[in-house]
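Chains, contacts and geometry: an overview
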Amino acid sequence: MAEQIRDPGIGEKFNARSGRVMNKDGSFNVRAAKFNFGRIHLFQYLIRVSWIKFYLLLLGAFAFFNLLFAFIYLSLGPEGLRRSGEMTDITAFWECVFFSLHTLTTVGYGNFYPSGYAANAISGIEAMVGLLGFAVATGLVYGRFSRPTAKIEYSRNAIIAPYKNGTALMIRVANLRDSLMTEVHADVTYTFLEKVGEQFIRRYYLLPLERNSVIYLPLTWTMVHPIDEKSPLYGKTLEDLKTLGAELMIKLKGHDEGFGDLVHSRNSYLMDEMVWGARFLPAFHVDENGMTLLDFDKLSAVESAPINTELAQVKPTITIS
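The following refers to the structure shown.

Section: the environment of Thr220
Within the fold, Thr220 resides in strand β11 (residues 220-227). In this structure, Thr220 is in contact with Arg172, Val173, Ala174, Ala283, Phe284, Leu294 and Leu299, ignoring residues within four places of it in sequence.

With respect to the packing of helix α2 (residues 51-75) against helix α4 (residues 117-146)
Two elements in contact, α2 and α4, have axes separated by 11 Å at closest approach and are oriented at 175 degrees. Between α2 and α4, the angle falls in the class roughly antiparallel. Where α2 abuts α4, its residues Trp51, Phe54, Leu58, Phe62, Phe65, Phe69, Ile72 and Tyr73 lie against Ala119, Ile122, Ser123, Ile125, Glu126, Val129, Phe134, Ala137, Leu140, Val141, Arg144 and Phe145. Class assignment for the residues of the contact of α2 with α4 results in 17 nonpolar, one polar and two charged.

A few points about the pattern of salt bridges
Going through the model one piece at a time under the given rule, you end up with four salt bridges. Notably, a salt bridge pairs Asp272 with Lys242, separated by 3.5 Å at the nearest N-O pair. Residue Asp272 is found in the loop between β13 (261-270) and β14 (274-276), and its partner Lys242 is found in helix α5 (residues 238-243); the two are separated by 30 residues along the sequence. Relative accessible area serves as the criterion here: at 63%, Asp272 is assigned to the exposed category. Between Glu303 and Arg279 there is a salt bridge, with the nearest N and O atoms lying 3.5 Å from each other. Of this pair, Glu303 sits in strand β18 (residues 302-304) while Arg279 is found in strand β15 (residues 278-280), placing the two residues 24 residues apart along the sequence. By relative accessible area, Glu303 is classed as partly exposed at 33%. Among the residues examined, Arg279 registers a relative accessible area of 37% and is labelled partly exposed.

Remarks on α4
With 30 residues, α4 extends 44 Å between its outermost C-alpha atoms, agreeing within 8% with the 44 Å of an ideal straight helix rising 1.5 Å per residue. Among all positions of α4, only Ala119, Ile122, Ser123, Glu126, Gly130, Ala137, Leu140, Gly143 and Arg144 are buried. Tucked into the core, α4 has its buried residues touching α1 (42-48), α2, α3 (92-104) and β4 (112-114).

Conventions used here
- Residues numbered from 1 in each chain as written.
- Predicted model: local features only at pLDDT ≥ 70, side-chain atom pairs only at ≥ 80, totals over all residues.
- Heavy atoms only, no water.
- Helix = DSSP H or I, 4+ residues; strand = E, 2+ residues; numbered from the N terminus.
- Contact = heavy atoms within 4.5 Å.
- Axes fitted to C-alpha atoms, helices over the stretch in contact; angles between N-to-C directions.
- Parallel < 35°, antiparallel > 145°, perpendicular 65-115°, else oblique.
- Nonpolar A, V, L, I, M, F, W, Y, C, P; charged D, E, K, R; others polar.
- Salt bridge = Lys/Arg side-chain N within 4 Å of Asp/Glu carboxyl O.
- Buried < 20%, exposed > 50% of the residue type's maximum accessible area, 1.4 Å probe, protein only.
- Expected span 1.5 Å × (residues − 1).

Coordinates in, geometry out; function isn't part of it.
Written out as structure tokens, the structure reads:
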């Protein structure tokens, strides 16, 4: 029997315009009404942000400090920096930029050098900023590589498929990493809006799976929830579920042998991402040498599988061709 659970921390009271609870990347559809610097943890943000944004932020910080010190050197006047030779083709501004670049990276080619107390003091400060900055950047890069993360691929759609004498909800997953995941456990939560008086209440049900865990995940795993009389999906059509604002939230965790640690993954499906009357096609085959070949491109591949509505007690409103 599906277990109705209390608010898992998402909230129960919503209005009819309530949208997606969980995004496809596993983050929750929650934003702060007002920006607050106190909520920002710079290290955690730089660890979580995408690689493109991370490198753009590093490049921006490098350019900012380089130009900042360049303008400081420029403000010292022509006597602040000395040259080891004639460089008539470079303006004073670019001389300051290049000297700042050499100092910040501690390269020091020798064609520029500071002159006077002020310039030497500023170059010393910039060298310290460069050393500390690159040390922090190195730590962040290492932290991003070493942080245990799951790379689970979910089927593009959840499907309602024929199952024994009825139907079942099915979702297929696979581990995209080369490392093996063990002791993998999955929870599928079904949530929908119910109008109680003038208030909409969000209900939560933990759907029982035919198997909610596997010992190993070298291939694909299809999570199966049989839709019987005890299921909250029993007797519902796809239009019914859309009207209820239904959503499926999946939480998966397992031990990744590559990281040697526990990793987590989340995903969700709205009813627009549900295919009714289908079954998954095989995503792997065995070659002539007895090696099992897994094709990740076929993870979401399905074929039409008409449902016996008399046995399933459901009336599908959308099918695939």
